[in-house]
Amino acid sequence: MPHISDRQFSLVCRRTSRATFREVFHAHSQLELTYIHDGYGQLITEGKVFPLEPGTLMIFRPFQMHHVQIQVSEAHPFVRTVLMVELELLHAYWPHFITTHHFTEHLLNEQHSIQPIFLLPDSLLIQRMEHFGEQYPELLPHELAEDACLFVLDVLTQLRHIWNTTARLPDQYLSNQPTGHSEIIDPHAQATMQWIEQHYAEPFRLEHIASELHLSAYHLSHVFKKATGTSIIAYAQATRIRQACVLLSRTSLSVPEIGHRVGMSSPSYFCKVFRKATGTTPHQYRLRMRGSHEMGRTEKE
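Residues numbered from 1 in each chain as written. Predicted model: local features only at pLDDT ≥ 70, side-chain atom pairs only at ≥ 80, totals over all residues. Heavy atoms only, no water.

*Asks:* Looking at this model, I keep getting lost on the overall build of the chain. Mind explaining?
*Replies:* Looking only at helices and strands, the chain has eleven helices and eight strands in total. A burial count over the chain gives 50% of its 301 residues as buried. Considering only residue pairs separated by 6 or more positions, the chain has 76% of its internal contacts joining residues 24 or more positions apart. On the chain, roughly 15000 Å² of surface is accessible, and the fraction owed to carbon and sulfur atoms is 54%. (Helix = DSSP H or I, 4+ residues; strand = E, 2+ residues; numbered from the N terminus. Buried < 20%, exposed > 50% of the residue type's maximum accessible area, 1.4 Å probe, protein only. Contact = heavy atoms within 4.5 Å. Areas by Shrake-Rupley, 256 points an atom, 1.4 Å probe, with all protein chains shown as cover.)

*Asks:* Would you take a moment to explain the sheet that holds strand β6 (residues 67–71) for this structure?
*Replies:* Sheets are built from strands paired through backbone hydrogen bonds, the pairs being either parallel or antiparallel. Strand order in the open sheet formed by three strands is β4-β3-β6, with antiparallel pairing between adjacent strands. Two strands in the sheet have a free side with no partner beyond their single neighbour: β4 (48–52) and β6. This sheet shows a mean twist of 20° between the axes of neighbouring strands, independent of strand direction. Inspection of the sheet shows strand β3 (residues 40–45) paired to β4 by five bridges, in the antiparallel sense. Bridge assignment links Thr 45 to a residue of β4, and that residue is Lys 48. (Pairing = 2+ DSSP bridges. Axes fitted to C-alpha atoms, helices over the stretch in contact; angles between N-to-C directions.)

*Asks:* How do you make sense of the packing of helix α5 (residues 187–199) against helix α8 (residues 232–250) when you look at a structure like this?
*Replies:* For any two helices packed against each other, the geometry comes down to the angle between their axes and how far apart the axes lie. Close contact between α5 and α8 brings their axes to 10 Å; oriented N to C, the two are set at 40°. The orientation of α5 relative to α8 falls into the category oblique. Considering how the two elements wind past one another, α5 and α8 form a crossing that is right-handed. Residues Thr 192, Met 193, Ile 196 and Glu 197 of α5 form the contact with α8, whose participating residues are Ile 232, Tyr 235, Ala 236, Thr 239, Arg 242 and Gln 243. Split by residue class, the contact of α5 with α8 holds five nonpolar, three polar and two charged. (Parallel < 35°, antiparallel > 145°, perpendicular 65-115°, else oblique. Left-handed = near helix turned anticlockwise from the far one by under 90°. Nonpolar A, V, L, I, M, F, W, Y, C, P; charged D, E, K, R; others polar.)

*Asks:* It is not clear to me how the pattern of salt bridges should be interpreted in this structure. Could you clarify?
*Replies:* Where side chains of opposite charge bring their charged atoms close, a pairing between them can arise. Inspection of every chain in the model, using the stated rule, returns five salt bridges. Two residues, Arg 14 and Glu 130, come together in a salt bridge whose shortest N-O distance is 2.8 Å. Residue Arg 14 is found in strand β1 (residues 9–17), and its partner Glu 130 is found in helix α2 (residues 124–135); the two are separated by 116 residues along the sequence. Between Arg 261 and Glu 257 there is a salt bridge; the shortest N-O distance is 2.8 Å. Note that Arg 261 and Glu 257 are positioned in helix α9 (residues 255–261) at a spacing of four residues, about one turn of the helix. Taking relative accessible area as the criterion, Arg 261 reaches 43% and is therefore assigned partly exposed. Residue classification places Glu 257 among the partly exposed residues on the basis of a relative accessible area of 28%. (Salt bridge = Lys/Arg side-chain N within 4 Å of Asp/Glu carboxyl O.)

*Asks:* Before we go on, may I ask you to explain the environment of Cys 271 in this structure?
*Replies:* With respect to the helices, strands and loops of the structure, Cys 271 is situated in helix α10 (residues 267–278). Overall, Cys 271 belongs to the partly exposed group, its relative accessible area being 30%. A sequence separation of twelve residues divides Cys 271 from Gly 259, and the C-alpha atoms of the two residues are 8.1 Å apart. Once residues lying within four places of it in the same chain are set aside, the contact partners of Cys 271 are Val 255 and Pro 282.

*Asks:* Help me understand the pairing of strand β2 (residues 31–38) in this model?
*Replies:* Two faces, one strand: in a regular strand the side chains alternate between the faces of the sheet. Within β2, eight of the eight residues are buried, which leaves the element mostly enclosed by the surrounding structure. Here seven bridges tie β2 to strand β7 (residues 78–85), and the two strands are oriented antiparallel to one another. Of the residues in β7, the one forming a bridge with Tyr 35 is Thr 81. Note that β2 and strand β5 (residues 56–60) share four bridges and pair antiparallel. Within the sheet, the bridge partner assigned to Thr 34 lies in β5 and is Met 58.

*Asks:* What is the right way to read unusual backbone geometry from this model?
*Replies:* In this model, Arg 14 sits at a positive phi of 55°, which is unusual for a non-glycine residue. The exposure class of Arg 14 is partly exposed, given its relative accessible area of 43%. Located in the positive-phi region is His 214, a residue other than glycine, with phi close to 60°. As for its placement among the helices and strands, His 214 is situated in the loop between α6 (206–212) and α7 (217–228). By relative accessible area, His 214 is classed as exposed at 73%.

*Asks:* Sorry, what's going on with the nonpolar core here?
*Replies:* Among the nonpolar cores identified, the biggest contains 39 residues, and Phe 9, Leu 57, Ile 59, Leu 125 and Phe 151 are the most heavily contacted of them. Looking at this core, the elements that each hand over two or more residues are β1, β2, β5, β7, α1 (98–108), α2 and α3 (141–167). With twelve residues, the single largest contributor to this core is α3. The residues contacting Ile 59, other than those within four sequence positions of it, are Leu 31, Glu 32, Leu 33, Gln 64, Leu 107, Ile 114, Ile 117 and Leu 159. (Core = buried A, V, L, I, M, F, W, Y, C linked by side-chain atoms within 4.5 Å.)

The structure is reproduced here in structure tokens:
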């Protein structure tokens, strides 16, 4: 098996931040799993806000727009383990791990955002990640790719079992998680995100949103930036790209038509924005997704 790059596979255990930071809204081609060992904050993704606390496992699908804000203190730095994997790496393994592949496809095609899951530090999944994080730097070059692939398959299999008992119980999850250390996002910022989720296909007018919320455009922009760390225009653009990813993977609409449906009528502008946000063109993204779906259909037959 050939050597794998950091883009295809990356595992960093207990990365620690001691200063508060706010990411910009971003997406990447890899599947990402991030587990929080210590620290507090909030996740904003697909128009929803989730509290982040020790024991939180975040799951981000490829090209899913997300934004993390953290709060740090001397007692609680932000400590997390981050796994990033390009799922194409597992292409040769899927015919032998059919159940895990079908679960992964289900995860990728979920209609709604994947809310964080609470896991204890001694859970098998987290222990496996930490153990492999210690092993990985010591592996010989000819061992890296095979062991990394088998590790990811193990993680996805364990995640499938967790999903069956945890991720299908959103009400219980939300009601049982402590939220005392997580800030509540400004209601005007949340209302703005909800408005954009409903109107992203329309021409963007900041003044219209501000008028509906009985605020000036300047004040609303300030409130939104303070609450989310990004601008309203950037958030609207991220929402449009996310919806474009859905249409590219699930329909046969042309690229210009999809751009029009998500509020960007200029095909060249749409392609430029899409590539800047995701690192790939709309056409390349569609081919990648079709290749994954074709593999799934072949297995079922």
